[in-house]
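Okay, here's what each chain looks like letter by letter:
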Amino acid sequence: MIEKQSLPSAPILIEAIRSLGYSFKTAIADLVDNSISARANRVDIILIPNEYPRLIVFDNGIGMNKKELEEALRYGTKNPLEKRNDSDLGRFGLGMKSASMSQCRKLIVISKKDGKLSGFSWDLDYVITRQGWYLLEYREDEIKKLPNINLFDNVETGTYLLLENFDRVSLSTSNLNNTLTNYMNETIDHLALVYHRYLNDTVEIYVNNNKIEPRDPFLVSNKSTMALREQNIIINNESIRVKPYILPYINKLTQEELKKVGGKEDLRNNQGFYIYRNKRLIIWGTWFRLTRKEELGKLARIMVDIPNSLDYMWNIDIKKSTVNLPDMIKKKLYASIDESILQSKAVHNYRGRKIVKDKDVNYIWERIELRDGCYEYKINRNIQQIKMLEETLDSNQLKALDRVLSIIEERFPTNSLYLDASQGKVNVEKDDDNELIEKLCYEIKENLKYCSIIGMDKKYVLEALLKTEPYCNFENLKEMFKEEEI
Ligand SMILES: Nc1ncnc2c1ncn2[C@@H]1O[C@H](COP(=O)(O)OP(=O)(O)OP(=O)(O)O)[C@@H](O)[C@H]1O
Ligand SMILES: [Mg+2]
């Protein structure tokens, strides 16, 4: 056999790579990944609207010297199989080129290191003319003419990307500047979510000088968010951290919080796993077909942290926007799904109960907070029904009654009630249930008859009963007894 070299055609391959499927926002995120990997603590994204709009991504990261920059611009500069630094968000050695050129025809990169600026560009039209992998190097005077290049004045090191000639976006619109502005707004939302754990902490991202605020999809700062038990799954000596959260019920959220979690309509859609690779959100709002998206599961969100060393298992894609879940991890994640969906259902159903925090109401069950932050439920001994018994029972009978009440309290079926309630299977009283109202009405009348026998003031007892559960929950009952001759 004779060996034959088969080189790819530069214009054709670049054009093909442009079609990997980046959207505007995923492309920008791929560039921000590079800035974060380069340990930048500030990234500026600047859209310059014009007849020929341009976009700058500038960071104050470690920068590159001329040799490093020339290498970085090579398509396929790093081996995807190479072990990467723990905090590196890259994998394929392609992102800077593939993401930028998916949106535009010309990418200029200038970088500063050791006090010097170096610059190169990929210009698709030049590549077509030359029919080869030709970069263009920029001289110092050419660099100085670039827009906003004075951003370098305030940093020791950093990198500047200039994207020009948005041919694909132009084809899809008659108003390029408007469309780009809309895309930028979507990008702001996307970056706020995808980097929320960085934005809270290590990096600031500005779009045209406006700082992006983090969008935490778990609303950790809301006191009513429930953090469930954390789990660590060990795979090939690497640890995957799984932390389920249950969002508060919608009416406990401010408008801003509701927006952060995706809005009322999208709450259901956004339940599921939130997969992070080195704290950068990759994919979210999916149960990977392990379970269905149920209405009652909509408050359940599970944070899953995977290190980049396990990239090969998850089949992370070049755009860092999809992952596949290997079966062995699926099985281990299953338990956390069940627990969190049950909790979500519990939070959801709980709001169905009327908790009338009314001083004038006598509750039958009292919720008592213990010192360790747990609660216990006790039967309220001050309800009118018990007071009536106290009038007639002797002290031994009263003690017996107290023992019965204590046993009921101790044997309260917490677990099964919790399970049934979480599945919406507990029969709840309805305000308009005529049969129930008739029954309660009868009970009150019997109690009043009993009052006559033991010589208690009927009017006083009636008033007390109507302020006690379950009677106090039914406006109709109050109306009925208003008219009643006592
Ligand atoms: N903003 C930057 N600051 C410093 N170095 C950078 C910057 N952007 C890119 N680089 C260097 O250029 C290299 C190539 O970047 P590129 O985005 O093309 O690939 P990658 O980040 O290695 O992998 P991926 O294809 O997954 O993004 C990076 O590995 C990094 O060394
Ligand atoms: Mg990259």
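Residues numbered from 1 in each chain as written. Chains lettered and ligands numbered in written order. Predicted model: local features only at pLDDT ≥ 70, side-chain atom pairs only at ≥ 80, totals over all residues. Heavy atoms only, no water.

> Describe the pairing of strand E7 (residues 204-207), naming the residues involved and giving the relevant values.
In this sheet, E7 lies alongside strand E1 (residues 42-48) in parallel orientation, the contact comprising four bridges. What sits directly across from arginine 42, in E7, is glutamate 204. As defined by bridge partners, E7 adjoins strand E8 (residues 210-211) across two bridges and the pair is classed as antiparallel. Each residue of the ladder has a partner; that of valine 207, found in E8, is asparagine 210. Connecting the antiparallel pair E7 and E8 is a turn made up of two residues, with asparagine 208 showing a positive phi of about 45°. (Pairing = 2+ DSSP bridges. Helix = DSSP H or I, 4+ residues; strand = E, 2+ residues; numbered from the N terminus.)

> How would you summarise the pattern of salt bridges if you had to cite specific residues and measurements?
According to the stated counting rule, one finds 29 salt bridges in the structure shown. Between arginine 381 and glutamate 409 there is a salt bridge whose closest N-O contact spans 2.6 Å. On the criterion of sequence distance, the pair formed by arginine 381 in the loop between strand E16 (375-379) and helix H14 (384-392) and glutamate 409 in helix H15 (residues 395-410) is long-range, its members being 28 residues apart. What makes arginine 381 partly exposed here is its relative accessible area of 25%. Glutamate 475 is paired through a salt bridge with lysine 478; the nearest N and O atoms lie 3.5 Å apart. Of this pair, glutamate 475 and lysine 478 both sit in helix H19 (residues 475-483), three residues apart, which is roughly one turn of the helix. Each member of the salt-bridge network shares a partner with another, and the members are Glu15, Arg18, Arg105, Asp125, Asp167 and Arg168. (Salt bridge = Lys/Arg side-chain N within 4 Å of Asp/Glu carboxyl O. Buried < 20%, exposed > 50% of the residue type's maximum accessible area, 1.4 Å probe, protein only.)

> Give me the site of ligand 1: which residues, what numbers.
Residues in close proximity to ligand 1 total 19 residues, the closest being Arg91, Leu94, Gly95, Lys97 and Lys320. Methionine 96 places a polar main-chain atom, nitrogen or oxygen, 2.9 Å from an oxygen atom of ligand 1. When each cavity is represented as a set of grid points, ligand 1 is found to reside in the second largest pocket. Breaking the shell around ligand 1 down by element, the ones donating at least two residues are helix H2 (24-37) and helix H4 (95-103). A class-by-class count of the residues in the shell around ligand 1 yields six nonpolar, six polar and seven charged. (Near = heavy atom within 4 Å. Polar contact = N/O pair within 3.5 Å; in protein donor to acceptor, adjacent residues only side chain to side chain. 1 Å grid on protein atoms, 1.4 Å probe; cavity = no way out; pocket = protein on both sides within 12 Å on 5 of 7 lines; lining within 4 Å. Sits in = over half its atoms within 2 Å of the grid points. Nonpolar A, V, L, I, M, F, W, Y, C, P; charged D, E, K, R; others polar.)

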